[in-house]
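Here are the chains, one letter per residue:
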Amino acid sequence: MKAVLPDSKMPKRWYNILPDLPEPLAPPLDPETDEPIEPEKLLRIFAEELVKQEMSTERYIEIPKKVRELYAKIGRPTPLFRATNLEKALGTPARIYFKYEGATVTGSHKINTALAQAYYAKEQGIERLVTETGAGQWGTALSLAGALLGLKIRVYMARASYLQKPYRKTIMRLYGAEIYPSPSDRTEIGRKFLSGDPNHPGGLGIAISEAIEDVLKDEKARYSLGSVLNHVLMHQTVIGLEVQEQMKEFEEPDVIIGCVGGGSNFAGLAYPFVRDVLSGKADYEFIAVEPKAAPSMTRGVYKYDFGDSGGYTPKMKMHTLGHTYYVPPIHAGGLRYHGLAPTLSVLINHGIVKPVAYHQNEVFQAAELFAKTEGIIPAPESSHAIKAAIDRALKAKEEGREEVILFNLSGHGLLDLKGYEDYLDGKLEDYEPDYFPALG
């Protein structure tokens, strides 16, 4: 059972949650003054239109015609499936649906904002975008966006992933991007971390610092971010807006689930449904799932913190483990970021979104069952949502009640086979920090 929308039903607007939040978002702070940052300062880092979108209080932002055309070219609208084989394997009365973002040509949801950001950069006359990537999905997406729109792309990839996932590098290079392991010897902050540990595994926070330092040396370059900020999450709402149309062929969901690193794929699916809850039109339940190795939602502190390890970004009020926290390479399940989208942090604080955390072995076990029943090998990150959906379906079975479960399968795992091999060979270690920097 699946639902596929025609191109004519593709959303023409993104949904911006800012005007509907239960409280105003705390302003980002200038790291030099600790006062609210002036938008002009952000213009040296980001494309101008993205800064406007970040601050916008308009509920809907029009998707440019060119971006919609590119969305169609890369596989949008993506399909919605019902996981009937998984339901049978679990013996549950629950009905499980999933949106499959792995159907895009780059294999994940990241292309949704990559195309938008590259489009606005090209319109402004920017020549190069510089970014970070962890597992590589975001770097892959921006590399293709650059190729399609005629932009140079430079990617700093967390060293642990750079070594563990060589084929991600190959794909990015095929799309024309430059790739460097982070920390690298190309930047001052990279050399600082390497001097302390020549084999430093890196992390998203360090890679972000390197990308921003790189951008500040080139007037024709701008930084591009794959998660956390509001404009990024807004671009991803094309997912949930499509799902709302697709679920009309089936039924209304009771619970909506997504994995969370910075928050973009969760927001992409959930925020259009959150809008209906905030307006009193619906009563959905929302579950955000993270790894116990990087538990920003379940154990983090809500405070102002840097978005990067080097302290180059504005400070944002969010759930954070501390900007110097990094996950050791033994964690193969992804979702390693130390912080969280400020908008999602607010929704968690108000009890609208419930966070849960899992160890990586139980996540890979859920992924194995999903692969055996539905045929799709899911990305380790997306498998956190699968684990939560399975747990919820088993709870419905135990209580003898029907329930409609919807989750976002944000990408496939065909380039994550080393992690699966380690899982099958019993080599994966569960990790949970005893301490993290945000505790002070």
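In this report, the structure presented in the accompanying data block is examined. (Residues numbered from 1 in each chain as written. Predicted model: local features only at pLDDT ≥ 70, side-chain atom pairs only at ≥ 80, totals over all residues. Heavy atoms only, no water.)

### Things to note about the packing of helix H13 (residues 264–278) against helix H15 (residues 342–349)
Relative orientation and spacing of two packed helices are given, respectively, by the angle between their axes and the distance between those axes.
For step 1, the next point in the chain: Look at H13 against H15: their axes get within 12 Å of each other, and the N-to-C directions meet at 55 degrees. With respect to each other, H13 and H15 are oriented oblique. Viewed along their axes, H13 and H15 form a crossing whose handedness is left-handed. Seen from H13, the contacting residues are Phe 266, Tyr 271 and Val 274; seen from H15, they are Thr 343, Leu 344 and Leu 347.
For step 2, the next point in the chain: Along the lines of polarity and charge, the residues of the contact of H13 with H15 split into five nonpolar, one polar and no charged. (Axes fitted to C-alpha atoms, helices over the stretch in contact; angles between N-to-C directions. Helix = DSSP H or I, 4+ residues; strand = E, 2+ residues; numbered from the N terminus. Parallel < 35°, antiparallel > 145°, perpendicular 65-115°, else oblique. Left-handed = near helix turned anticlockwise from the far one by under 90°. Contact = heavy atoms within 4.5 Å. Nonpolar A, V, L, I, M, F, W, Y, C, P; charged D, E, K, R; others polar.)

### Quick notes on helix H9 (residues 188–196)
For step 1, the next point in the chain: Taken residue by residue, H9 has Ile 189, Gly 190 and Leu 194 as its buried positions. End-on view of H9: buried residues confined to an arc of 135 degrees, all on one side of the axis. Across from the buried face of H9, at angles greater than 90 degrees, the exposed residues are Glu 188, Lys 192, Ser 195 and Gly 196. (Buried < 20%, exposed > 50% of the residue type's maximum accessible area, 1.4 Å probe, protein only. Arc of directions from axis to C-beta.)

### Digging into the sheet that holds strand E6 (residues 128–133)
For step 1, the next point in the chain: Strand order across the open sheet formed by four strands is E8-E7-E6-E9, with parallel pairing between neighbours. Looking at strand neighbours, the two that pair on one side only are strand E8 (178–182) and strand E9 (221–223), the edges of this open sheet. Each neighbouring strand pair of the sheet contributes to a mean axis angle of 25 degrees, computed without reference to strand direction.
For step 2, the next point in the chain: Pairing of strand E7 (residues 152–158) with E8 involves five bridges; the strand directions are parallel. Paired with Tyr 156 across the two strands is Tyr 180, which belongs to E8.
For step 3, the next point in the chain: Against the sheet, helix H10 (residues 204–215) touches E6, E7, E8 and E9, its axis set at about 165 degrees to E6. (Pairing = 2+ DSSP bridges.)

### So, the packing of helix H5 (residues 111–124) against helix H6 (residues 137–149)
For step 1, the next point in the chain: The contact between H5 and H6 brings their axes to 8 Å, and the two run at 40 degrees. By the angle between their axes, H5 is oblique relative to H6. Where H5 crosses over H6, the two elements pack in a sense that is right-handed. Residue-level inspection shows Ile 111, Thr 113, Ala 114, Leu 115, Gln 117, Ala 118, Tyr 119 and Lys 122 of H5 in contact with H6, the latter providing Trp 138, Ala 141, Leu 142, Leu 144, Ala 145, Leu 148 and Leu 149.
For step 2, the next point in the chain: Across the contact of H5 with H6, the residue classes tally to 12 nonpolar, two polar and one charged.

### Some words on the side chain of Thr 343
For step 1, the next point in the chain: Secondary-structure assignment places Thr 343 in helix H15.
For step 2, the next point in the chain: Judged by relative accessible area, which is 2%, Thr 343 ranks as buried.
For step 3, the next point in the chain: In this structure Thr 343 touches Ile 17, Leu 18, Leu 21, Leu 25, Asn 230, Leu 233 and Tyr 271, once residues within four positions along its chain are discounted.

### Re the pattern of salt bridges
For step 1, the next point in the chain: Per the stated rule, a full pass over the model turns up 32 salt bridges.
For step 2, the next point in the chain: In this structure, Arg 154 engages Asp 214 in a salt bridge whose closest nitrogen and oxygen atoms are separated by 3.0 Å. Within this pair, whereas Arg 154 is found in strand E7, its partner Asp 214 is found in helix H10, the two being separated by 60 residues in sequence. In terms of burial, Arg 154 and Asp 214 fall into one category: buried.
For step 3, the next point in the chain: Residue Arg 401 pairs with Glu 403 through a salt bridge whose shortest N-O separation is 3.1 Å.
For step 4, the next point in the chain: The buried category is assigned to Glu 403, whose relative accessible area is 5%.
For step 5, the next point in the chain: Salt bridges linked by common partners bring Arg 128, Arg 154, Glu 178, Arg 186, Asp 214 and Asp 218 together as one network. (Salt bridge = Lys/Arg side-chain N within 4 Å of Asp/Glu carboxyl O.)

### Notes on the environment of Tyr 223
For step 1, the next point in the chain: Along the polypeptide, Tyr 223 turns up in strand E9.
For step 2, the next point in the chain: Spatially, the C-alpha atom of Tyr 223 lies 9.1 Å from that of Glu 132, the residues being 91 residues apart in sequence.
For step 3, the next point in the chain: What Tyr 223 contacts, discounting residues up to four positions off in sequence, is Ile 45, Phe 46, Val 130, Thr 131, Glu 132, Ile 208, Ala 211, Ile 212 and Val 215.
For step 4, the next point in the chain: There is a polar contact of 2.5 Å between the side chain of Tyr 223 and the side chain of Glu 132. (Polar contact = N/O pair within 3.5 Å; in protein donor to acceptor, adjacent residues only side chain to side chain.)

### Here we look at the packing of aromatic side chains
For step 1, the next point in the chain: Throughout the structure, instances matching the rule amount to 13 aromatic pairs.
For step 2, the next point in the chain: Relative to Tyr 120, the ring of Tyr 119 lies with its centre 5.3 Å away and its plane at 70 degrees, an arrangement referred to as edge-to-face. Per residue, the accessibility class of Tyr 119 equals that of Tyr 120, and both read buried.
For step 3, the next point in the chain: Pairwise contacts between aromatic rings join Phe 81, Phe 98, Phe 370 and Phe 407 into one cluster.
For step 4, the next point in the chain: The residue whose ring lies beneath Arg 13 is Tyr 60, and the NZ or CZ to ring-centre distance is 3.9 Å.
For step 5, the next point in the chain: Its guanidinium or amino end placed over the ring of Tyr 180, Arg 186 lies 4.2 Å from that ring's centre, counting from NZ or CZ. (Phe/Tyr/Trp six-rings, centres within 6.5 Å; stacked < 30°, edge-to-face > 60°. Lys NZ or Arg CZ within 6 Å of the ring centre and 35° of its normal.)

The quantities given are spatial measurements derived from coordinates; they are silent on function.
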